[in-house]
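Structural characterization, general
This is what each chain is made of:
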Amino acid sequence: MNQAQLQVTVQALRQQLQTFERITVCCLTCEHYADSVKQCSVYQASPPEAWRKGPVECPSWEYDNVPF
């Protein structure tokens, strides 16, 4: 790897890290949350507003890969 390749790689990794750092751990970004019924499929309940928008520490949270 030469210096130019190193710089490009580092910049790409920084951009990817920024993308991950913008993810909020909350119901709205969770695979288990159904916004249409506002309910969690793991707990079979509607979470409180603070959990919907987060950040929270939910052991069942899984990122849904939707960037918005």
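Before reading further, recall that the structure is shown in the block above.
In this text the structure is predicted, and so the values were computed from the model without any measurement.

Considerations on the side chain of Arg52
Among the secondary structure elements, Arg52 is positioned in helix H2 (residues 49–53). The class of Arg52 is buried, set by a relative accessible area of 17%. A distance of 2.9 Å separates the side chain of Arg52 from the backbone oxygen of Pro47, its partner in a polar contact. Looking at Arg52, its side chain comes within polar contact range of the side chain of Glu49, at 2.7 Å. Those residues in contact with Arg52 that lie beyond four places of it in its chain are Cys26, Cys27, Leu28, Tyr33, Ser46 and Pro47.

Concerning the pattern of salt bridges
Here the structure, examined in full by the defined rule, presents three salt bridges. A salt bridge links Lys38 to Asp35, with the nearest nitrogen and oxygen atoms 3.4 Å apart. For Lys38, a relative accessible area of 39% translates into the label partly exposed. One salt bridge in this structure joins Glu49 and Lys53, with 3.3 Å as the shortest N-O distance. Placement of both Glu49 and Lys53 in helix H2 is noted, with a separation of four residues, approximately one turn of the helix. Among the ionic contacts, a cluster of salt bridges with common partners joins Glu49, Arg52 and Lys53.

Some remarks on the packing of aromatic side chains
Under the defined criterion, the tally for this structure stands at one aromatic pair. Relative to Tyr63, the ring of Trp61 lies with its centre 6.1 Å away and its plane at 35 degrees, an arrangement referred to as tilted. For Trp61, a relative accessible area of 23% gives the class partly exposed.

Notes on the environment of Arg14
Secondary-structure assignment places Arg14 in helix H1 (residues 3–21). Judged by its relative accessible area of 52%, Arg14 is exposed.

Remarks on H1
Over its 19 residues, H1 runs 27 Å from end to end, which matches the ideal 27 Å to within 8%, given 1.5 Å per residue. At the N-terminal end of H1, a side-chain oxygen is found 3.1 Å from the backbone nitrogen of Ala4, two or three residues along, and the residue is Asn2.

Cut-offs and rules
By convention here, each chain's residues receive numbers from 1 onward along its written sequence. With the structure being a predicted model, the display of local features is reserved for residues of pLDDT at least 70 and the display and counting of side-chain atom pairs for 80 or more, all residues being used for whole-chain, interface and lining totals. Calculated side-chain values reflect all of the structure's heavy atoms, with hydrogen atoms and water omitted. Working definition: helices are DSSP H or I runs of at least four residues, strands are E runs of at least two. Numbering for both runs from the N terminus. Here's how the labels work: a residue is buried when its accessible area is under 20% of the maximum for its type, exposed when over 50%, partly exposed in between, all with a 1.4 Å probe on protein chains only. In protein, a polar contact requires one atom able to donate a hydrogen and another able to accept it; more generally it is a pair of N or O atoms within 3.5 Å, and residues adjacent in sequence count only if both atoms are side-chain atoms. Contacts are assigned to residue pairs with any non-hydrogen atoms lying within 4.5 Å of each other. Salt bridge, as used here: a side-chain nitrogen of Lys or Arg that lies within 4 Å of a carboxyl oxygen of Asp or Glu. Centres within 6.5 Å make a pair out of two Phe, Tyr or Trp rings, where for Trp the six-membered ring is used; the pair is then stacked when the planes are under 30 degrees apart, edge-to-face when over 60, and tilted otherwise. Multiplying 1.5 Å by the residue count of a helix minus one yields the expected span of that helix.

Structural measurements only, silent on function.
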